[in-house]
Every structure is written in structure tokens, then in C-alpha cells.
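Remarks on the overall topology
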Amino acid sequence: MDTVIETVGLRRSYQGFDAVRGVDFTVARGELFALLGTNGAGKTSTLELLEGQALPTGGSVRVLGHDPFRQRSKVRPRIGVMLQEGGFPTELTVLETMRMWAGCTSGARPAGEALELTRLTGRSAVRVKQLSGGERRRLDLALALLGRPEVLFLDEPTTGLDAQSRRDTWDLIRDLKANGTTVLLTTHYLEEAEHLADRLAIMHRGLIATTGRVADVVAERPSRISFHLPDDRFLGDLPPLQQMGVTRHETTGRTVHLETRDLQHTATWLLTWAHEANVALLALDARSASLEEAFMDIAKNLDTEETS
């Protein structure tokens, strides 16, 4: 697949503060790429450069083969942008807002179609100021979809949505992607990235700390097993931990915590031993690393490196 977004050494500074400090990544056509990071990591600053809202301090950015700032007329009609907050006239109704926006959009789809996509048809006559926070986010998304974009930028698209609305938005994003739309989103909901993203990048203090497929980023972190040992059993009764594939362990009272790079191997050893020794492993819990654990671990390690 061809590349539709490319950044090389991308930088952005504000009055001496480096918000983006040299970022490299690519996004392929039809891909959903998630940009993650803590507050202040540089996600929105990066997104604004991709959208052509500002000129980079250094490096380069290309969207659909063009500079989104200097060649805005070639890029803007082909992209959709959902900002963190739209700032629409509050006295207009939802439908009036859609029609106003459609008048500024090349090849706009019918307003009713965009409202139906985002499940706002029943709120079309309601003034913007009367919408809930979640409904305003859905209106933001509807406006971003008006131009049938080839590339869709979503900045925190489900903030303020209830659980069902968030799932509905995920389904819509999946449908857009299935129909060929390239999507780049930022989100604080790691579950969202885990469910939607083909690939992701984790930013920290203006740099990309890691990038890759979700499964690959998660696989870099160990799996965990925990259980309670009976009073008549001790850690030393287990098979040799190294032989079990355990890379780290600790005990808290009668609770044993194991880390492993091969969850199946370690769990098989543990359960075979427990069966043969007739030992009940109470509160047994075995799980692979999650994206949240990988995210927190990366941020913690980078903070430690920068302060050491």
C-alpha cells in the first residue's frame, strides 16, 4: 500500500519550548494509526502540523504527497478534521450547523446522511447549546465526514461519550476504514487504540518512544501469573523458576507473582506441578500484558532515564 502520511524529523517549538522534537512515522493508505501519549506528549501539536494548521519548526511532513501547510489547496479538500473542540455557534441548530459547514466543503455529502452516520438525526432541530457533551462530539465527527475524506484526523474522538456511544463510534470508524478511509487518531482511551489501530506510536515529551503493531508493542512486555499458595507450601516447592521460564518473581505473604515471556510455557509447568502435587492454587490469575501496562511502563522508564 502507498504511503499517505509521512513525517521526517518533524519539529515544532513554541517560544523556546520544543513540543515536537524530531518525529518520524508513516501511515499507509487504508490504515488506522493511533498516536498515544500522556498530556503534553506532543500529540495534538503533531496532529496540527499534519492537518496544515501550522508550519513545522523543522523537518518535513507530507499528506497525500503534498505539504499540508504550503499546498493546503491540494490537501484540504481530501481530508477531514475532528478537533478536540469544534467551537460552533451555539444558537444554530444541528442541521443549520451542518448546512453552514457543507457550504464551505467541496463535494459535501447531504447533511442528513452525515447526521444519520453519527446517529444525530433525531437531534437535527436542537440548538447546539442544548446538546450534551457527547452529542457535541458526535456533531464534530459528522462535520469531519461531510467531505467524504480520504484521510480522517480524529483528535480524542470519543471524549465525553457514554459507553454505548463510544462503541457506536468505533463501529463507524471501522466502517470508514473498511471503505478505504485512512484514519489517524489520538486518544487517551488505550482500549480504543487496542480495538481499532492497525499500528500505533507512543509519544513522550515530544518524541516517539515506540511504534509498531499493537500486538508487537504489547509483546515487548512480560505476561504475569499470580496465585495464593496453601499454608503448607512454599515458593521453593515449585519447579525451578528458570526452567519454568520465569524472568522475575516476588511474594507478598502467601501470594506469588511471576513474570514470563512465554505465558503458555510457564502456565503449563505451573499447572502440571500443581496437579501432580495435589496443590490448589487459590486466586489463580494468568494474563498477557495489556497496552495500558506497556504504555505505563514506557512512560515510567523514560521518566527514569531523563532524571537519572
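Residues numbered from 1 in each chain as written. Predicted model: local features only at pLDDT ≥ 70, side-chain atom pairs only at ≥ 80, totals over all residues. Heavy atoms only, no water.

1. What to know about the nonpolar core
Formed by 29 residues in total, the largest nonpolar core has its most connected members in L36, L154, L200 and L291. Contacts of L154, omitting those with residues within four sequence positions, involve L47, M82, L141, I173, V183, L184, L185 and T186. A19, V23, L50 and F153 belong to the second largest nonpolar core, which has 26 residues in total. (Core = buried A, V, L, I, M, F, W, Y, C linked by side-chain atoms within 4.5 Å. Buried < 20%, exposed > 50% of the residue type's maximum accessible area, 1.4 Å probe, protein only. Contact = heavy atoms within 4.5 Å.)

2. Considering the side chain of E259
Position of E259 relative to the elements: it lies in strand β12 (residues 255–260). Setting aside residues no more than four positions away along its own chain, E259 makes contact with P222, S223, R224, G245, V246, T247 and R248. (Helix = DSSP H or I, 4+ residues; strand = E, 2+ residues; numbered from the N terminus.)

3. Details of the pattern of salt bridges
Where charged atoms of side chains with opposite charge meet at close range, the side chains can pair. For the coordinates displayed, the defined rule picks out 26 salt bridges. Note that D216 and R213 form a salt bridge whose closest N and O atoms lie 3.0 Å from each other. Overall, the relative accessible area of 36% leaves D216 in the partly exposed class. Here E259 makes a salt bridge to R224, at a shortest N to O gap of 3.8 Å. You can see E259 sitting in strand β12 and its partner R224 sitting in strand β10 (residues 223–228), a full 35 residues away along the chain. Three or more residues are tied together by salt bridges with common partners; here these are R224, R248, E250, E259 and E293. (Salt bridge = Lys/Arg side-chain N within 4 Å of Asp/Glu carboxyl O.)

4. A look at the packing of helix α3 (residues 94–102) against helix α5 (residues 133–144)
Where α3 contacts α5, the axes come no closer than 10 Å and their chain directions differ by 30°. Relative to α5, α3 is oriented roughly parallel. When you trace α3 past α5, the crossing you get is right-handed. Two secondary-structure elements touch here, α3 through V94, T97, M98 and W101 and α5 through L139, A142 and L143. Grouping the amino acids of the contact of α3 with α5 by side-chain chemistry returns 6 nonpolar, 1 polar and no charged. (Axes fitted to C-alpha atoms, helices over the stretch in contact; angles between N-to-C directions. Parallel < 35°, antiparallel > 145°, perpendicular 65-115°, else oblique. Left-handed = near helix turned anticlockwise from the far one by under 90°. Nonpolar A, V, L, I, M, F, W, Y, C, P; charged D, E, K, R; others polar.)

5. With respect to the packing of aromatic side chains
On inspection of all chains with the given rule, the structure shows 1 aromatic pair. Both rings, one in F25 and one in F33, keep their centres 5.1 Å apart while their planes meet at 10°; by these two values the pair is stacked. Residue classification places F33 among the buried residues on the basis of a relative accessible area of 0%. The positively charged end of R166 is found above the aromatic ring belonging to Y189, 4.0 Å away from the centroid. Positioned over the ring face of F234 is R254, at 5.3 Å from the centre of the ring. (Phe/Tyr/Trp six-rings, centres within 6.5 Å; stacked < 30°, edge-to-face > 60°. Lys NZ or Arg CZ within 6 Å of the ring centre and 35° of its normal.)

6. Topic: the environment of M82
Summarising the element assignment, M82 is placed in strand β5 (residues 79–82). C-alpha separation for the pair M82 and R254, spaced 172 residues apart in sequence, amounts to 51 Å. In this structure M82 touches R137, D140, L141, A144, F153, L154, D155 and P157, once residues within four positions along its chain are discounted.

7. Some thoughts on the sheet that holds strand β7 (residues 182–186)
Sheet architecture is open: 6 strands sit in the order β5-β6-β7-β3-β8-β9, paired in mixed fashion. Since the sheet does not close on itself, it has two edges, and those belong to β5 and β9 (207–213), each with one partner. Strand-to-strand twist of the sheet, defined as the mean angle between neighbouring strand axes without regard to direction, takes the value 15°. Bridge count for strand β3 (residues 32–37) against strand β8 (residues 199–204) is 5 bridges, and the pairing is parallel. Counted as the bridge partner of A34 is L200 from β8. In this fold helix α1 (residues 43–50) packs onto β3, β6 (151–155), β7 and β8, with an angle of close to 155° to the strand it touches most, β6. (Pairing = 2+ DSSP bridges.)

8. Digging into the pairing of strand β1 (residues 3–14)
Inspection of the sheet shows β1 paired to strand β2 (residues 17–28) by 9 bridges, in the antiparallel sense. By the bridge assignment for β2, T7 is matched with F25. The turn linking β1 back onto β2 is made up of 2 residues, and Q15 within it adopts a positive phi angle of 45°. Of the strand pairs in this sheet, β1 and strand β4 (residues 58–63) are connected by 5 bridges, and their pairing is antiparallel. Bridged to R11 within β4 is G58.

9. Focus on the sheet that holds β4
Here we have 3 strands laid out as an open sheet, ordered β2-β1-β4, and antiparallel in their pairing. Whereas interior strands pair on both sides, the edge strands pair on one side only; in this sheet they are β2 and β4. Direction aside, the axes of adjacent strands within the sheet are offset by 15° on average. The strands that α1 touches are β1, β2 and β4; relative to β1, the one it contacts most, it runs at about 120°.

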